[in-house]
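If you want the building blocks of each chain, they are given just below.
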Amino acid sequence: MEQKLFTRNFTLLILGQASSLFGNYILRLALSMYVLEATGSAAVFAGLLSIAVIPTILLSPLGGVLADRANKRNLMVALDALTGAAVLATAVLLTEENAIAVIGALLVGLSILGAFETPTVQACIPQMLTGDNIIKGNAVVNQVASVSYLTAPMIGGVFYGAVGLKPVIVVSVICFFITALLECLIQLDTQPGSNYGFLSIVKEDLLVSFHFMVKERTDIMNMLFLVAFSRFFVMGITLIGLPFLVRTVLGLDAAYYGTAESCLAVAVIVGSIAAGMLTGKLKYKTLSFILAAIGICSIPAGVAFLLPANPFIRYMVLVASFSGMEIAVSIFSVFAVSMIQQNTPGNFIGKIMAYTSTITMCAQPAGQMVYGVLFDRWKDSAALVLIPSGIAVGIIGFLSTGCFKRLEEKPRETS
């Protein structure tokens, strides 16, 4: 008998994830708006985000170990309850004098908890579902995340503009506690933990994959760094540049920023759909043009800040340019990662993909810090950041044609 997808356990997990993600997204948007309004500095905002991502990078392997050895249901309940408690404590302790320090501490705390939460949720799905339903289940989780990312910024922006920070924090707390209550109803069998030293395995895998890329397949290493480079540019421009340009430079309210974030979320979905439709039709060597397009899309936004135009026109050009950038990077990421997989022997795929994930995750805070400083330095001349950056990325994209050609021509090695 075929197992149905939406079992009791999986339905509770999905409802909990929807509540948790919505609370998380509106909270982070409200905190971002508050920090920018309080400091007027893109560098401070970038610094907080960059510091907060470090615990996730460092602690994710330990999160995987705990997910394997502990009761997953109890662990999820504890993590979401702790998240709700941490956010509630922030609401109680927050004042104008200590706001930056308290918000920074909260972001670090959320990053630590997230390092354990993400692998635990991912490990639950194979225990709840079997066969092809595991693939379908992961697809549903991704769809819930996309919908939350699409709707939460717009709702959160309007809500923050109407009532301020603390009411948004309270709503977020309620969302996290609802998630914990739903997870209490999940029933999972306790599974014995592994007897292997997980940290030793992680260390060995990273060393082996590094040797493989450096000594045997430098073309794969080059592709990996191109993926990381695209993330460095896009994350710096969108996560730091977008709120800074909309709120500080153009002087528009939080609702405009929320709407812009939602437009970018739609662009990500459109890019993913386009990548699927282009499968089998897009030649890999043409990916250099897609990479170049990521940079080229930022140039019209820079030009808009050179021409005499009112803030709303500049805002529209900015959103359109950044949306094009998100579509291009979505297509590029899907195909580039697929190329890495297709050109990697079967017994190395897991190791190489782990390295890819680590390096691209490190590229995000680096991009945020660099563009935070750049936008602060040229606060009144955003075009001096957007146009040269776009040209540089475009040139690198066109120069990478040879790398894509070599990967396309080289057959995949077998394990």
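Cut-offs applied
- Residues numbered from 1 in each chain as written.
- Predicted model: local features only at pLDDT ≥ 70, side-chain atom pairs only at ≥ 80, totals over all residues.
- Heavy atoms only, no water.
- Helix = DSSP H or I, 4+ residues; strand = E, 2+ residues; numbered from the N terminus.
- Buried < 20%, exposed > 50% of the residue type's maximum accessible area, 1.4 Å probe, protein only.
- Bend = angle between axes of the 7 residues up to and from the residue.
- Patch = residues over 30% accessible without salt bridge, like charges linked within 9 Å, V, L, I, M, F, W, Y side chains within 5 Å.
- Areas by Shrake-Rupley, 256 points an atom, 1.4 Å probe, with all protein chains shown as cover.
- Salt bridge = Lys/Arg side-chain N within 4 Å of Asp/Glu carboxyl O.
- Contact = heavy atoms within 4.5 Å.
- Axes fitted to C-alpha atoms, helices over the stretch in contact; angles between N-to-C directions.
- Parallel < 35°, antiparallel > 145°, perpendicular 65-115°, else oblique.
- Left-handed = near helix turned anticlockwise from the far one by under 90°.
- Nonpolar A, V, L, I, M, F, W, Y, C, P; charged D, E, K, R; others polar.
- Core = buried A, V, L, I, M, F, W, Y, C linked by side-chain atoms within 4.5 Å.
- Phe/Tyr/Trp six-rings, centres within 6.5 Å; stacked < 30°, edge-to-face > 60°.
- pLDDT = per-residue confidence, 0-100.

### Details of the overall build of the chain
Turning to step 1, where the next piece is worked out: When its secondary structure is counted, the chain shows 15 helices and zero strands.
Turning to step 2, where the next piece is worked out: Out of the 415 residues belonging to the chain, those deemed buried represent 48%.

### Some thoughts on the side chain of Thr 7
Turning to step 1, where the next piece is worked out: Structurally, Thr 7 is set in the segment before helix H1 (8-39).
Turning to step 2, where the next piece is worked out: We classify Thr 7 as buried; its relative accessible area is 14%.

### Some remarks on helix H8 (residues 218-249)
Turning to step 1, where the next piece is worked out: The largest bend in H8 amounts to roughly 40 degrees and is located at Gly 241, with the proline Pro 243 lying one to four residues further along.
Turning to step 2, where the next piece is worked out: In terms of burial, H8 is a largely internal element, 23 of the 32 residues being buried.
Turning to step 3, where the next piece is worked out: Looking at the residues trailing H8, positive phi occurs at Gly 251, about 70 degrees.

### Some points on a nonpolar patch on the surface
Turning to step 1, where the next piece is worked out: Taken together, the side chains of Leu 88, Val 92, Leu 93 and Phe 177 define a hydrophobic patch exposed on the protein surface, amounting to about 370 Å² of accessible area.
Turning to step 2, where the next piece is worked out: Element by element, the count of residues in the nonpolar patch is highest for helix H3 (residues 72-93), at three residues.
Turning to step 3, where the next piece is worked out: Relative to the helices and strands, Leu 93 is located in helix H3.
Turning to step 4, where the next piece is worked out: Taking the relative accessible area as the measure of exposure, Leu 93 reaches 51% and is therefore exposed.

### Brief notes about the side chain of Gln 17
Turning to step 1, where the next piece is worked out: Mapped onto the elements of the fold, Gln 17 is located in helix H1.
Turning to step 2, where the next piece is worked out: With sequence-adjacent residues up to four places away left out, Gln 17 is seen in contact with Glu 117, Val 121, Val 144 and Glu 183.

### Details of the packing of H8 against helix H10 (residues 287-296)
Turning to step 1, where the next piece is worked out: Following both chains from N to C, one finds H8 and H10 inclined at 15 degrees, their axes separated by 11 Å at the closest point. One element, H8, and the other, H10, form an angle in the roughly parallel class. Seen from above, H8 lies across H10 with left-handed handedness. Contacts between H8 and H10 pair Leu 226, Ser 230, Phe 233 and Val 234 from the former with Leu 291, Ile 294 and Gly 295 from the latter.
Turning to step 2, where the next piece is worked out: Considering only residue class, the contact of H8 with H10 consists of five nonpolar, two polar and no charged.

### Some remarks on the nonpolar core
Turning to step 1, where the next piece is worked out: With 75 residues, the main nonpolar core has Ile 294, Phe 322, Phe 332 and Phe 375 as its most contacted residues.
Turning to step 2, where the next piece is worked out: Each residue touching Ile 294, except ones within four places of it in the same chain, is listed here: Ser 230, Phe 233, Val 234, Met 325, Ala 328, Val 329 and Phe 332.

### Thoughts on the environment of Ser 148
Turning to step 1, where the next piece is worked out: Examined against the element boundaries, Ser 148 turns out to sit in helix H5 (residues 132-163).
Turning to step 2, where the next piece is worked out: Judged by its relative accessible area of 7%, Ser 148 is buried.
Turning to step 3, where the next piece is worked out: Sequence-wise, Ser 148 and Ala 18 are 130 residues apart; in three dimensions their C-alpha atoms are separated by 6.9 Å.
Turning to step 4, where the next piece is worked out: Look past the residues within four positions of Ser 148 in its chain and what remains in contact with it is Ala 18, Leu 21, Phe 22, Tyr 25 and Pro 153.

### Considerations on the packing of aromatic side chains
Turning to step 1, where the next piece is worked out: Taken as a whole and assessed by the stated rule, the structure comprises eight aromatic pairs.
Turning to step 2, where the next piece is worked out: Between the aromatic rings of Phe 6 and Phe 10, the centroid separation amounts to 5.7 Å while the plane-to-plane angle is 45 degrees, which identifies the pairing as tilted.
Turning to step 3, where the next piece is worked out: We classify Phe 6 as partly exposed; its relative accessible area is 44%.
Turning to step 4, where the next piece is worked out: One aromatic cluster in this structure is built from Phe 232, Phe 233, Phe 244, Tyr 371 and Phe 375.

### Quick look at the packing of H10 against helix H14 (residues 383-399)
Turning to step 1, where the next piece is worked out: Look at H10 against H14: their axes get within 7 Å of each other, and the N-to-C directions meet at 175 degrees. The orientation of H10 relative to H14 falls into the category roughly antiparallel. Residue-level inspection shows Ser 288, Phe 289, Leu 291, Ala 292, Gly 295 and Ile 296 of H10 in contact with H14, the latter providing Gly 390, Val 393, Gly 394, Gly 397 and Phe 398.
Turning to step 2, where the next piece is worked out: When grouped by side-chain class, the residues that make up the contact of H10 with H14 number six nonpolar, five polar and no charged.

### Details of the confidence of the model for the chain
Reading predicted coordinates in detail is not appropriate for stretches of low pLDDT.
Turning to step 1, where the next piece is worked out: With 79% of its residues at a pLDDT of 70 or more, the chain has an overall mean of 79.
Turning to step 2, where the next piece is worked out: When the criterion is pLDDT under 50, residues 411-415 qualifies, and its contacts beyond four places in sequence or with other chains add up to 15 contacts.

### Remarks on the environment of Ser 60
Turning to step 1, where the next piece is worked out: Positionally, Ser 60 belongs in helix H2 (residues 42-69).
Turning to step 2, where the next piece is worked out: Residues Ser 60 and Ala 115, 55 residues apart in the sequence, show an inter-C-alpha distance of 4.7 Å.
Turning to step 3, where the next piece is worked out: In this structure, Ser 60 is in contact with Pro 55, Ala 115 and Pro 119, ignoring residues within four places of it in sequence.

### What to know about the environment of Ile 54
Turning to step 1, where the next piece is worked out: You can see Ile 54 is positioned in helix H2.
Turning to step 2, where the next piece is worked out: Linking Ile 54 and Ile 112, residues 58 residues apart in sequence, is a C-alpha distance of 8.8 Å.

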